[in-house]
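Chain by chain, the residues:
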Amino acid sequence: MKLRSPHLLGLEGVPAADINLFLDTAVTLREILSRPIKKVPTLRHITVLNLFFEPSTRTRISFELAEKRLSADQINFSKATSSVTKGETLLDTIWNIEAMKIDMVVIRHSVGGTPYFLSQHCDSKIINAGDGTHEHPTQGLLDMLTMRDKYGKLEGLRVVIVGDIKHSRVARSNIWGLKTLGASVAVCGPTTLLPYEIEKMGVDVYTRIEEALDGADVVNVLRLQQERQSSGLLPSLREYSIRFGITKERLKYLKPNFTIMHPGPMNRGVEISSEVADGPDSVILPQVTNGVAVRMAVLYLLSGGVGKIE
Amino acid sequence: MNDLIISGGTLVDPIDNYFGPGAVVVSQGKFAEIIKDKKQPKGNIDASGMIICPGLVDMHVHLREPGYEYKETIQSGALAAAAGGFTSIACMPNTEPALDNQEQIRFVLEKAKAAAVHVYPVGALTKGRQGKELAEMADMREAGAVAFSDDGTGVQNGNMMRRSLEYCRMLDVAVLSHCQYDDLADGGVMNESYYSTSLGLRGATRIAEELMIARDLMLAQYTNSKIHIQHVTSIGGIELIRNAKRQGIKVTAETCPHYLVFSDDCLKTYDTNLKVNPPIRGKKDMAALKKALASGIIDVIATDHAPHAWEEKALEFDYAPSGLIGLETALAVVATELVHKNVLDWLSLIKLMTLNPAQILNIPAGRFENNLPADITLIDPELEWTFAETDIKSLSKNSPFVGWKFKGRVTKTIVSGKTVFEL
């Protein structure tokens, strides 16, 4: 099986066959993570540049580990240490590093579309590790893998994404991927945090959490940034928490075999209570483990899927 | 002595809606005789198969001089204009420093003496285009400014706009208004729509533009002043202008070729050449703008020619400056999209690009009339061609039209009897 796209820029428009291939390959590669020697030589011929223009802990470590587990060579680059601060453009930066012969670029950037822009001007394979409020496709894939682990398939599932949809690339990638694989998706949040015409993405839109949760299988709770209050989008985190926070009391609206997810980092007590985050139905830590497996699969498949997995 | 006799073509003169066989006689750089008849003297320029029209007028260009000569100069911008069939252009004051005093206006006019086409400076409404104090507009008017504008940004303060309109009424010139409330635009880099949501780009609501149009129309009515709304992009803006015209408010309006052929879904490629302020709106707006040109609600097609260097545009979308060049392509775009698709006929199109802008600016152009400067554009209405980067005369190449196939092309541009462009 071969991927259709040479890059992973987002999940919008990615065919179901490609998504399933990512997920199936992730399951195969995940086994490596539980071996005593958690490393295979599969990508030892590949050099990956991790280009992070935005602070990131989890995604960055996850990519770095995925690369190490597959024996890829890696270069880590962040805005603070780059020549970008000296006024060099992104293209000059990337062209200079490319001249040193690299194969893939993992990019995190605060401006939507930057991975697409790079793909138009570079020879390397581009992996989007989150671009502005556009997409975060590996997060979408790891969320889908985590749901598939529990329910066996995504078709027919009802997934509710709660919180700051407007600024969430995680929400957008989840919506595209889940809908492609036949899940139904709803979003719920205060109207000021719902982006314009979000319903045209094919989701149901709610502003009452009880209605949104009614009959859902999965709740994906998004992080609420503190600055939404100061920028005038919310009266207070307190009011948000009262109206939209996922508490144990609210879980009664969900289907019996429900699942709680969160892409992290969590604001405990704001968008989710500790009781729920740490409860028996939370898969927040398995999500993180799947993150490494999914990123291994993406690196492996985009590099051509030719190296042997031993 | 007659220098030029252009004959054998279809003469188009919007002043009396003439569209038919005709010839133009030029003497000492001025029109000497206009013949609207089959009977013509033998010419020394054969225009058979061509449209002979008054030189095109673009009332909205950015020439970047002084301050940004690496993007464009008055000379290079004038060459780009000539290549696009424009013989008169009005340049906006958002230079560095801004054209906000008599000296700056004189500087532009001095430079313009050597330019290929007539260049008419537009002065700033407020000092430094800061929107805080009126600029010395009477001085600038005397020095040769043809209109006033803080183009590039809207005048955010309503009272400042009122004073600007009142002061310009005394000078009998139009205020050209770039309409956008920055607070409502909220830092948006494209039209707020489904596409800004799915592309993850910050959206600027159309209300930011429409609300300021509404304000300016009310102020123009209240102060009995002339207002010209620049680069109208949306259905809402069109409706406001239509109603204002019905009420007798002295309003004129322009739109630009890019708003007629691109819609916000085109931003899927994150092409920074489509990043423009105000932003490209939706497909319905595009259709409504075409109708508004046909029905006369919008009076002018202007380019908003906005040159930027390659390295300024080859950036992440948010970091690239707004604007695209348009002088070389404007006529071809609207000929292809409006005339050949039966939205407008040639006479109406030419009126939108000659007589109407010339009347708003009150400049000696846009019509055939004895003793006016002999500015003439010849157009091959059927010529099919592909726009290549090598066709760009501007110093900057930020055109989204490279590679586009067009029908209709300017073949000769004559300014004061002198050929400044020839295909």
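Here, every reference points to the structure presented above.
Residues numbered from 1 in each chain as written. Chains lettered and ligands numbered in written order. Predicted model: local features only at pLDDT ≥ 70, side-chain atom pairs only at ≥ 80, totals over all residues. Heavy atoms only, no water.

### Describing empty space enclosed by the protein
Taking a probe equal in size to a water molecule and rolling it over the atoms shows the remaining empty space.
Residues and elements named next belong to chain B.
Thinking step 1. The tally for this structure, following the rule as stated, stands at two cavities of 30 Å³ or more.
Thinking step 2. Approximately 40 Å³ is the volume found for the largest cavity.
Thinking step 3. In terms of lining residues, the largest cavity is bounded by Pro257, His258, Thr303, Leu324, Ile325, Gly326, Thr329, Ala330, Val333 and Phe401.
Thinking step 4. By residue class, the composition of the lining of the largest cavity is six nonpolar, four polar and no charged.
Thinking step 5. Estimated volume of the second largest cavity: approximately 40 Å³. (1 Å grid on protein atoms, 1.4 Å probe; cavity = no way out; pocket = protein on both sides within 12 Å on 5 of 7 lines; lining within 4 Å. Points joined across faces, edges and corners; volume = space filled by probe spheres on them. Nonpolar A, V, L, I, M, F, W, Y, C, P; charged D, E, K, R; others polar.)

### Thoughts on the sheet that holds strand β1 (residues 47-52) of chain A
Residue and element names in this part refer to chain A.
Thinking step 1. Within the open sheet, the four strands sit side by side as β2-β1-β3-β4. Their pairing is parallel. In the strand order of this sheet, the two ends are held by β2 (73-78) and β4 (125-131), each with one partner. Here the strands of the sheet are splayed against their neighbours by 15° on average, with no regard to which way each runs.
Thinking step 2. For β1 and strand β3 (residues 104-109), the ladder comprises five bridges, and the chain directions are parallel. When the sheet's bridge partners are listed, Asn50 is paired in β3 with Val106.
Thinking step 3. With respect to the sheet, helix α4 (residues 114-121) is in contact with β1, β3 and β4, its orientation differing from that of β4 by roughly 165°. (Pairing = 2+ DSSP bridges. Helix = DSSP H or I, 4+ residues; strand = E, 2+ residues; numbered from the N terminus. Axes fitted to C-alpha atoms, helices over the stretch in contact; angles between N-to-C directions. Contact = heavy atoms within 4.5 Å.)

### Overview of the layout of surface pockets
Thinking step 1. Reported here for the second largest pocket is a volume of approximately 500 Å³.
Thinking step 2. For the second largest pocket, the lining is made up of 21 residues, of which A:His121, B:Asp271, B:Thr272, B:Asn273 and B:Trp310 are closest to its centre.
Thinking step 3. Among the elements that line the lining of the second largest pocket, the one with the most residues is α4(A), at four residues.
Thinking step 4. Grouping the constituent residues of the lining of the second largest pocket by class yields nine nonpolar, eight polar and four charged.
Thinking step 5. When residues are assigned to domains, the lining of the second largest pocket turns out to be shared by domain 1 (4-51 + 374-422) and domain 2 (56-361) of chain B, each giving three or more. (Domains from an automatic or database assignment.)

### As for the nonpolar core
Thinking step 1. B:Val119 and B:Leu349 are the most contacted members of the largest nonpolar core, which totals 104 residues.
Thinking step 2. Two domains each put at least three residues into this core: domain 1 (4-51 + 374-422) and domain 2 (56-361) of chain B.
Thinking step 3. Leaving out residues up to four positions away in the same chain, B:Leu349 has contacts with B:Ile301, B:Leu331, B:Val334, B:Ala335, B:Leu338, B:Val339 and B:Leu344.
Thinking step 4. Of all hydrophobic cores here, the second largest spans 64 residues; its members include A:Ala26, A:Leu33, A:Val106 and A:Val203. (Core = buried A, V, L, I, M, F, W, Y, C linked by side-chain atoms within 4.5 Å. Buried < 20%, exposed > 50% of the residue type's maximum accessible area, 1.4 Å probe, protein only.)

### Description of the sheet that holds strand β7 (residues 204-206) of chain A
Residue and element names in this part refer to chain A.
Thinking step 1. Here five strands make up an open sheet; going across it, the order is β7-β6-β5-β8-β9 and the pairing parallel. Among the strands making up the open sheet, the edge pair consists of β7 and β9 (259-261). Sheet twist, expressed as the average angle between the axes of neighbouring strands with direction ignored, equals 20°.
Thinking step 2. Here strand β5 (residues 158-162) runs beside strand β8 (residues 218-221); their pairing, made up of four bridges, is parallel. Looking at the pairing, Val159 lines up with Val218 of β8.
Thinking step 3. Sheet strands touched by helix α5 (residues 137-151): β5, β8 and β9. Its angle to β9, the strand with the most contacts, is close to 165°.

### Some words on the pattern of salt bridges
Thinking step 1. What the rule picks out here adds up to 36 salt bridges over all chains.
Thinking step 2. With its nearest N and O atoms 2.7 Å apart, the salt bridge here joins A:Lys252 to A:Glu249. Assigned by exposure class, A:Lys252 and A:Glu249 land together as exposed.
Thinking step 3. One salt bridge connects B:Glu239 with B:Arg242, and the closest N-O pair in it is separated by 2.6 Å. One end of the pair, B:Glu239, and the other, B:Arg242, are both in helix α8 (residues 235-246), three residues apart, so they sit about a helical turn from each other.
Thinking step 4. Classification of B:Glu239 by relative accessible area gives partly exposed; the value is 32%.
Thinking step 5. The class for B:Arg242 is partly exposed, based on a relative accessible area of 26%.
Thinking step 6. Connected via shared salt-bridge partners are A:Glu54, A:Arg108 and A:Arg169. (Salt bridge = Lys/Arg side-chain N within 4 Å of Asp/Glu carboxyl O.)

### Re the packing of aromatic side chains
Residue and element names in this part refer to chain B.
Thinking step 1. The tally for this structure, following the rule as stated, stands at 13 aromatic pairs over all chains.
Thinking step 2. When the ring of Trp385 is compared with that of Phe406, the centres are 5.5 Å apart and the planes differ by 50°; the resulting orientation is tilted. Pair noted here: Trp385 is in strand β16 (residues 376-386) and Phe406 is in strand β17 (residues 405-415), with a separation of 21 residues, a long-range link. Across this residue pair, the class does not change: Trp385 and Phe406 are buried.
Thinking step 3. Summarising the aromatic geometry, the rings of Phe401 and Phe406 are spaced 6.2 Å apart at their centres and angled 55° between planes, so their arrangement reads as tilted. Accessibility classification places Phe401 together with Phe406 in one group, the buried group.
Thinking step 4. One aromatic cluster is present, built from ring pairs that chain together Phe262, Trp385, Phe387, Phe401, Trp404 and Phe406.
Thinking step 5. For the cation-ring pair, Lys71 lies above Tyr68, with the distance from its terminal atom to the ring centre recorded as 5.4 Å.
Thinking step 6. One Lys or Arg, Arg409, reaches over the ring of Trp385 and ends 3.7 Å from the middle of that ring. (Phe/Tyr/Trp six-rings, centres within 6.5 Å; stacked < 30°, edge-to-face > 60°. Lys NZ or Arg CZ within 6 Å of the ring centre and 35° of its normal.)

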